[in-house]
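Listed below, chain by chain, are the residues.
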Amino acid sequence: RGRSICPCNSSKQVMLHNTIPLKFAPSQHPTKTLKMLKSPCNTISRKSGGGVSALGHSTPKLGSLKINKRPNLLCRSTSTQSTAANVFVDRDGNRIKAMTADFGFRTGTRRLYQDHYGEIPNSLSALMKENLSHEMEEFRRSLRFKHYKPVVGDAPTGIAKIGKATNDGLSRLMGALDRFLEEKNIIPKLTPPPQMSTFDSPEFQKELEHIESLTLTSHQVEEVEHARIARYGDMDSPLWVKVPFFALCWLLDALYENRPIQKFWVLETVARIPYFAYISILHLYESLGLWRAGAELRKVHFAEEWNEMHHLQIMESLGGDQHWFDRFFGQWAAVGYYWLIIAFYMFSPKIAYNFMQRVELHAYDTYAAFVEVNRDLLKQIPPPMVALSYYRTKDLYLFDEFQQNPSETVQKRRPECSDLYDTFVNIRDDEFEHVRTMIACQDDTVAKTLAIKS
């Protein structure tokens with residue numbers, strides 16, 4: 001596996017979380033036991049109240065080297081003059097500079113390759129209580145501190161203009177109610193959201209400014225989509241597949257005009273759901289004895305879901321989930337989407353795959369437009385650590401499982417990931433592989449591909 005060397009912008013040594021001593025039993029092999037150390041030095045997290053701030057820890061002396069149970073981050077301390085930076089050492093020994101910080105709402109906990117990753121969750125009641133309390137505070141902040149302004153923009157048109165007017169009225173009304181209840185001591189006093197910071201680093205501020213400068217309009221996506229259809233033709237779908245698909249696209253375009261990272265976060269939240277639905281229904285068929293030949297297909301769909309999950313984590317690391325509205329909309333849209341796909345699959349698996357082919361084609365067109373419009377800016381931004389951990393480690397877990405290579409003689413995809421441009425090109429190409437897999441599932445060539453791989 002790759003390693004990441006994280007110089008901390010502090011003269012103190014950093015505390016390593018969830019560590020175990022670096023000792024091997026005679027039967028153990030170091031390459032199977034070594035995992036990477038997690039450094040909190042350049043990570044930002046939301047503290048209670050939902051603000052984002054640099055992590056600060058009291059740091060005991062490091063004794064012997066310790067190894068985390070999670071992926072590949074090696075940390076060492078440096079002097080206060082050194083710049084905060086993450087350096088990832090990939091499977092070829094190349095050192096790749098990663099983003100200075102993770103801008104996600106859930107940074108630090110409940111995130112892939114971060115603190116508490118892989119731990120067992122609490123009970124449903126405990127999880128709901130914790131999240132409801134936290135999200136309610138964020139909802140109040142969204143009303144009181146104008147979080148909705150970037151959601152609808154300054155000069156919306158069409159349906160977004162109507163939405164802005166409705167939103168402004170409702171948010172003023174509910175904000176006034178919130179202040180009234182707060183003054184009467186019925187609800188706790190609300191504090192302003194803390195600001196993002198990590199050591200006041202100019203590099204951090206520059207990355208954040210570049211990310212916030214990324215743009216994408218629905219017109220630019222339509223141009224790419226129309227060019228593809230003019231060259232290759234459009235796919236065939238029944239009307240009752242087209243209606244929910246175009247409704248989804250229209251809603252995303254209306255809500256997320258020129259907010260590409262937030263749009264991608266919602267898109268990836270929804271896009272991974274069909275693969276979970278496919279796995280669920282195939283498992284149900286197998287458990288009831290209705291269909292016993294779906295095990296390999298479930299593996300393919302899990303590999304696709306694993307891939308989409310990393311896309312989602314990349315968007316979170318870029319700050320795509322910062323606003324309460326985006327989280328609320330994306331997560332509840334995913335719940336409804338799940339049951340729609342279940343219904344499609346129970347009626348006709350090929351129809352369910354046809355629907356997902358349309359979604360993945362739209363995602364491919366969207367990312368293709370995005371990388372062309374923002375090419376120069378994307379090349380100035382380092383890749384997120386989660387992208388490097390997924391694309392550049394030695395063990396590309398399940399990455400080849402959803403690639404529709406006709407035989408083992410075809411060269412396997414091994415993406416580069418030296419900047420954010422490479423990251424989005426990889427995501428775009430992943431979406432095309434999902435399109436190919438959905439086509440294979442409809443014409444039954446997926447069974448032949450599975451037979452060749454096995």
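Computed from a predicted model, the values in this text were never measured in an experiment.

Engineer: Please clarify how the environment of Asp422 should be interpreted in this entry.
Structural biologist: Mapped onto the secondary structure, Asp422 falls in helix α15 (residues 420–443). Taking relative accessible area as the criterion, Asp422 reaches 17% and is therefore assigned buried. Along the primary structure Asp422 and Pro383 are separated by 39 residues, whereas in three dimensions their C-alpha atoms are 8.0 Å apart. Ignoring any residue separated from it by four or fewer positions in sequence, one finds Asp422 in contact with Glu416 and Cys417. Only 2.6 Å separates the side chain of Asp422 from the side chain of Ser418, close enough to count as a polar contact.

Engineer: Any chance you could explain unusual backbone geometry here in plain terms?
Structural biologist: The phi angle of most residues is negative, glycine excepted, and most peptide bonds adopt the trans form. In this structure, Asn185 is a non-glycine residue whose phi angle is positive, near 60°. Within the secondary structure layout, Asn185 lies in the loop between α4 (159–183) and α5 (202–212). Judged by relative accessible area, which is 68%, Asn185 ranks as exposed.

Engineer: Sorry if this is basic, but what is going on with the nonpolar core here?
Structural biologist: Soluble globular proteins tend to bury their nonpolar side chains together. Ranked by internal contacts, the top residues of the largest apolar core, which has 53 residues, are Leu318 and Phe424. Not counting the four nearest positions on each side in its chain, Phe424 is found in contact with Ile261, Phe264, Met315, Leu318, Tyr367, Phe370, Val371 and Leu378. Within the second largest apolar cluster, 28 residues are counted, among which are Val241, Cys249, Ile273 and Tyr338.

Engineer: I would appreciate a short explanation of the packing of helix α9 (residues 273–287) against helix α10 (residues 295–317) in the present structure.
Structural biologist: Any two packed helices are characterised by the angle at which their axes cross and by the distance between the axes. Their axes nearest at 8 Å, the elements α9 and α10 cross at an angle of 155°. Taken together, the axes of α9 and α10 lie roughly antiparallel to each other. For α9 against α10, the interelement crossing comes out left-handed. On the side of α9, the interface is formed by Tyr275, Tyr278, Ile279, Leu282, His283 and Glu286, while α10 contributes Ala295, Leu297, Arg298, His301, Phe302, Glu304, Glu305 and Glu308. Among the residues making up the contact of α9 with α10, the classes are represented as seven nonpolar, two polar and five charged.

How each quantity is defined
- Residues numbered from 1 in each chain as written.
- Predicted model: local features only at pLDDT ≥ 70, side-chain atom pairs only at ≥ 80, totals over all residues.
- Heavy atoms only, no water.
- Helix = DSSP H or I, 4+ residues; strand = E, 2+ residues; numbered from the N terminus.
- Buried < 20%, exposed > 50% of the residue type's maximum accessible area, 1.4 Å probe, protein only.
- Contact = heavy atoms within 4.5 Å.
- Polar contact = N/O pair within 3.5 Å; in protein donor to acceptor, adjacent residues only side chain to side chain.
- Core = buried A, V, L, I, M, F, W, Y, C linked by side-chain atoms within 4.5 Å.
- Axes fitted to C-alpha atoms, helices over the stretch in contact; angles between N-to-C directions.
- Parallel < 35°, antiparallel > 145°, perpendicular 65-115°, else oblique.
- Left-handed = near helix turned anticlockwise from the far one by under 90°.
- Nonpolar A, V, L, I, M, F, W, Y, C, P; charged D, E, K, R; others polar.

Everything listed is a geometric property; what it means functionally is a separate question.
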